[in-house]
Amino acid sequence: MRTVIEQPNFADDLDGYRKVYAEMEVVYDSLCFTLAENPRQGAPMREAPSFRLYKTKPEGRTPAFWILFTFDSERVYLHSIEPMRDIEE
């Protein structure tokens, strides 16, 4: 399994979402486990194929999130996190 590394912007946004959504830790733990085990589950971006998008599952009142990330043979780098509702509006 790969090591998951939060980039500064991701970490800042995640801290904010943890204050708003009660189940954020469940979503985060699931995301880390999934991407560390198999980061190819995310879809490559057409415009920048080294970046991938992964959609988490909602948990209770915590929405699904879009995760922007990259990876190599040893690590997954989490770059951005956005709630689905913000993108769909």
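In case you missed it, the structure is sitting above this.
First, a word on scope: everything that follows refers to the structure included in this document. (Residues numbered from 1 in each chain as written. Predicted model: local features only at pLDDT ≥ 70, side-chain atom pairs only at ≥ 80, totals over all residues. Heavy atoms only, no water.)

A separate point is helix α1 (residues 8-20). Over its 13 residues, α1 extends 19 Å from the first C-alpha to the last, a length consistent with the 18 Å expected when each residue adds 1.5 Å. Of the positions making up α1, those classed as buried are Phe10, Ala11, Leu14 and Tyr17. With its buried residues spanning 125° around the axis, α1 presents them on a single face. Turned more than 90 degrees away from the buried face of α1 sit Pro8, Asn9, Asp12, Lys19 and Val20, all of them exposed. (Helix = DSSP H or I, 4+ residues; strand = E, 2+ residues; numbered from the N terminus. Expected span 1.5 Å × (residues − 1). Buried < 20%, exposed > 50% of the residue type's maximum accessible area, 1.4 Å probe, protein only. Arc of directions from axis to C-beta.)

Here we take up the packing of aromatic side chains. On inspection of all chains with the given rule, the structure shows four aromatic pairs. Consider the rings of phenylalanine 10 and tyrosine 28, whose centres lie 6.5 Å apart with planes at 40°: the pair is tilted. Taken together, the residues phenylalanine 10 in helix α1 and tyrosine 28 in helix α2 (residues 24-37) connect sequence positions 18 residues apart. Neither residue differs from the other here; phenylalanine 10 and tyrosine 28 are each classed as buried. An aromatic cluster is built from Tyr17, Tyr21 and Phe65, whose rings are joined through pairwise contacts. (Phe/Tyr/Trp six-rings, centres within 6.5 Å; stacked < 30°, edge-to-face > 60°.)

What follows deals with the packing of α1 against α2. At their nearest, the axes of α1 and α2 sit 9 Å apart, and the two run at 145° to each other. Here α1 contributes Phe10, Leu14, Tyr17 and Arg18 to the contact with α2, which in turn contributes Met24, Glu25, Tyr28 and Leu31. Grouping the amino acids of the contact of α1 with α2 by side-chain chemistry returns six nonpolar, no polar and two charged. (Axes fitted to C-alpha atoms, helices over the stretch in contact; angles between N-to-C directions. Contact = heavy atoms within 4.5 Å. Nonpolar A, V, L, I, M, F, W, Y, C, P; charged D, E, K, R; others polar.)

Once that is clear, we can look at the nonpolar core. The tendency in soluble globular proteins is for nonpolar side chains to be buried as a group. Grouped together as the largest cluster of nonpolar side chains are 17 residues, with contacts concentrated most on Phe10, Met24, Leu31, Phe65, Ile67, Leu78 and Ile81. Of all the secondary structure elements, the ones that give two or more residues to this core are α1, α2, β4 (65-71) and β5 (75-83). Of all the elements, α2 adds the most residues to this core, at six residues. With residues up to four places along the chain from it excluded, the contact list for leucine 31 reads Phe10, Tyr54, Thr56, Ile67 and Leu78. (Core = buried A, V, L, I, M, F, W, Y, C linked by side-chain atoms within 4.5 Å.)

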